[in-house]
Each structure stands twice: as C-alpha cells, then as structure tokens.
Amino acid sequence: MERNFISQKPSQLQISNFGETKYPVVTRIIAHLFSYIFHPLFIPLIATWYLAFIHHGYFTGMAPGGKLYIVIQVAYITVFFPAFTILLLKGVKFIDSVFLKTQRERIIPIVASNIYYFWMYLVFRNHPEVPSILIGFTFGIFLSSSVALLANIYFKISMHALGLGALSGLMLVIIFTGGSNSIFLSAMLVFLITGFVSTSRMIVSDHMPFDIYAGIFFGIICQVFAAAFIG
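Residues numbered from 1 in each chain as written. Predicted model: local features only at pLDDT ≥ 70, side-chain atom pairs only at ≥ 80, totals over all residues. Heavy atoms only, no water.

Participant: Explain the overall build of the chain residue by residue, including any values.
Facilitator: Helix and strand counts for the chain come out as 9 helices and 0 strands. The helix and strand sequence of the chain, counted from the amino end, reads α-α-α-α-α-α-α-α-α. Considering the chain as a whole, with its 231 residues, one finds that 46% of them fall into the buried category. Partitioning the intrachain contacts of the chain with sequence separation of at least 6 by distance along the chain shows that 72% fall at a separation of at least 24. Per element, the accessible surface of the chain, about 12800 Å² overall, is 72% carbon and sulfur. (Helix = DSSP H or I, 4+ residues; strand = E, 2+ residues; numbered from the N terminus. Buried < 20%, exposed > 50% of the residue type's maximum accessible area, 1.4 Å probe, protein only. Contact = heavy atoms within 4.5 Å. Areas by Shrake-Rupley, 256 points an atom, 1.4 Å probe, with all protein chains shown as cover.)

Here is the structure:
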C-alpha cells in the first residue's frame with residue numbers, strides 16, 4: 001500500500017504554469033477588465049482614434065466629421081466584421097468558445113481577420129486624405145495577423161500581446177519619425193498598459209511567458225517594417 005501511494009503521488013502533483021497560479025479574486029477581476037478593454041479587436045480602433053483626435057500632427061486640415069468617418073470605417077472593418085465572424089462560427093459550431101481557447105479554433109478567425117485588415121489597408125491606401133502613418137499602421141496589423149497565423153501552427157501566441165505590441169510599435173514609429181514632445185507621455189502610457197495587459201494574460205489565461213514576449217516582439221517588428229515599407 002505504501003509503495004502504491006508513493007507511485008501515485010507524483011502523478012497527482014500538477015506543475016502549474018503562470019496562468020494557472022491562484023490569485024485573489026480582485027486581482028483576477030482587474031486582469032479580466034484589462035483583457036476586455038484592450039482586446040485585440042479594439043487596438044486598430046484605439047490607434048485610429050488617437051491619431052485622429054489626440055495627436056495633432058496628423059489629419060491636419062480634415063474636419064472632425066471626416067475624422068469620425070474614418071474612425072467608424074475602422075470600427076466597422078476591424079471590430080464588427082471579425083466579431084460577427086466569430087459569433088457566426090460559434091453559431092454553426094465550428095468553434096466551441098468565442099474566446100478561442102485552442103490553436104485549432106483560432107485558424108479561421110485569424111484568416112478572416114487577415115482579410116479584413118488587408119481590405120482596410122487597400123481602402124486607406126487609395127484615399128489620399130488618409131495620412132501615411134495610418135496606412136502604415138493598417139499594413140502593420142495585416143503583417144501581425146499573418147505572423148499570428150504562422151505562429152499559431154507551433155505555439156499559442158498571445159493576440160493581446162501582439163495587438164499591444166503593434167500599438168507600442170506605432171508609438172516608436174511616431175517618436176523616431178519626428179513626433180512632437182507630447183508623444184512621449186502617450187508612449188509611456190502605452191508601454192505601461194502593454195505591461196499591465198501582458199501580466200493580466202498570464203494571470204487569467206493559459207499563456208506561457210514566451211507567448212507574451214513573442215506577441216510583443218512581432219507586433220513591434222511588423223509596425224517598424226510596415227512604416228519602412230510605406231515610407
């Protein structure tokens with residue numbers, strides 16, 4: 001009996017990763033809140049709103065109504081369509097959860113989002129009133145989505161980290177292309193939020209640290225490459 005107990009004991013010990021560690025309820029609630037507010041679907045919308053209404057170096061000469069129209073376009077293409085696609089997949093039982101908990105469930109939503117992002121890039125590229133910084137950003141998130149599709153074959157890259165990495169990359173592009181002094185405060189805020197959201201994902205999801213680091217890295221790299229490509 002003692003030998004049997006000893007032989008079973010190691011199998012009963014579960015070595016938890018970061019995301020399975022027990023945290024206080026308040027901590028988990030805050031982590032979920034950050035995860036929802038800065039969901040990857042909202043990142044293009046947040047970036048466009050910032051460029052149109054917060055940063056005064058872009059969209060110069062455009063009326064507020066024109067800026068709002070562009071923001072609505074981004075919301076329509078990058079929030080409504082991907083969200084509708086996920087709900088449709090859930091409705092026809094192609095996926096088990098709208099949270100896309102497995103790599104298999106992520107494939108079709110990532111492919112669909114990739115199409116939507118490229119569509120948005122083509123739309124903006126053919127509108128001369130849209131500043132190049134936004135065109136470059138949309139091309140960058142298309143590249144990020146492409147990277148996510150490839151990375152998803154090998155590991156579960158964090159889409160939250162990829163999105164925040166893209167937003168951080170946008171801040172870096174603005175800084176190194178002669179952005180105003182006010183950008184530094186915005187950049188510090190984005191970097192801080194990136195840290196909070198990344199930590200939140202390790203608290204309330206099954207992501208490993210590598211999934212988070214890879215997401216941030218590729219999000220930034222894709223934005224830098226896109227900015228250089230668009231020129």
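What follows picks up the thread again.
Participant: So what's going on with the side chain of Gln223? Which residues, and what values?
Facilitator: Its location among the elements puts Gln223 in helix α9 (residues 209–230). In contact with Gln223, not counting residues within four places along its chain, are Gly136, Phe137, Gly140, Ile141, Ala166, Gly169, Leu170 and Val173.

Participant: Describe the nonpolar core, listing the residues and the values that go with them.
Facilitator: The nonpolar side chains of a soluble globular protein tend to be buried, and buried together. Formed by 44 residues in total, the largest nonpolar core has its most connected members in Leu51, Phe124, Leu170 and Ile174. Considering every element that reaches this core, the biggest residue donor is helix α6 (residues 132–151), with 8 residues. The residues contacting Leu170, other than those within four sequence positions of it, are Ala47, Leu51, Ile133, Phe137 and Gln223. Formed by 7 residues, the second largest nonpolar core is a distinct cluster that contains Ile110, Ala148, Ala151 and Ile157. (Core = buried A, V, L, I, M, F, W, Y, C linked by side-chain atoms within 4.5 Å.)

Participant: How would you explain the confidence of the model for the chain if you had to name every residue and give the values?
Facilitator: When pLDDT is averaged along the chain, the result is 88, and 89% of the positions lie at 70 or above. Ignoring residues within four places in sequence, the model shows residues 1–20, a span with pLDDT below 50, making 9 contacts including any to other chains. (pLDDT = per-residue confidence, 0-100.)

Participant: Which residues make up the pattern of salt bridges, and what are the values?
Facilitator: Here the structure, examined in full by the defined rule, presents 1 salt bridge. Measuring nitrogen to oxygen at the nearest pair gives 3.0 Å for the salt bridge that ties Lys156 to Asp206. Here Asp206 lies in the loop between α8 (183–204) and α9 and Lys156 lies in the loop between α6 and α7 (159–176), a separation of 50 residues in the sequence. (Salt bridge = Lys/Arg side-chain N within 4 Å of Asp/Glu carboxyl O.)

Participant: Now, about a nonpolar patch on the surface: what can you tell me, with residues and values included?
Facilitator: A contiguous nonpolar patch, built from Tyr76, Phe80, Phe84, Leu88, Val92, Phe94, Ile107, Ile108, Val111 and Ile115 and spanning about 950 Å² of accessible area, is present on the exposed surface. At the level of secondary structure, the elements contributing two or more residues to the nonpolar patch comprise α4 (64–91) and α5 (103–125). Turning to its location among the elements, Phe84 is positioned in helix α4. (Patch = residues over 30% accessible without salt bridge, like charges linked within 9 Å, V, L, I, M, F, W, Y side chains within 5 Å.)

Participant: Describe the environment of Ile157, naming the residues involved and giving the relevant values.
Facilitator: Structurally, Ile157 can be placed in the loop between α6 and α7. For Ile157, a relative accessible area of 0% puts it in the buried group. It is 8.9 Å that separates the C-alpha atoms of Ile157 and Met208, two residues lying 51 residues apart in sequence.

Participant: Lay out the environment of Gly165 with the relevant residues and their values.
Facilitator: Relative to the elements of secondary structure, Gly165 occurs in helix α7. Distance from Gly165 to Ile212, taken between C-alpha atoms, is 9.7 Å for residues 47 residues apart in sequence. Excluding anything up to four places from it in sequence, Gly165 contacts Ile216, Gly219 and Ile220.

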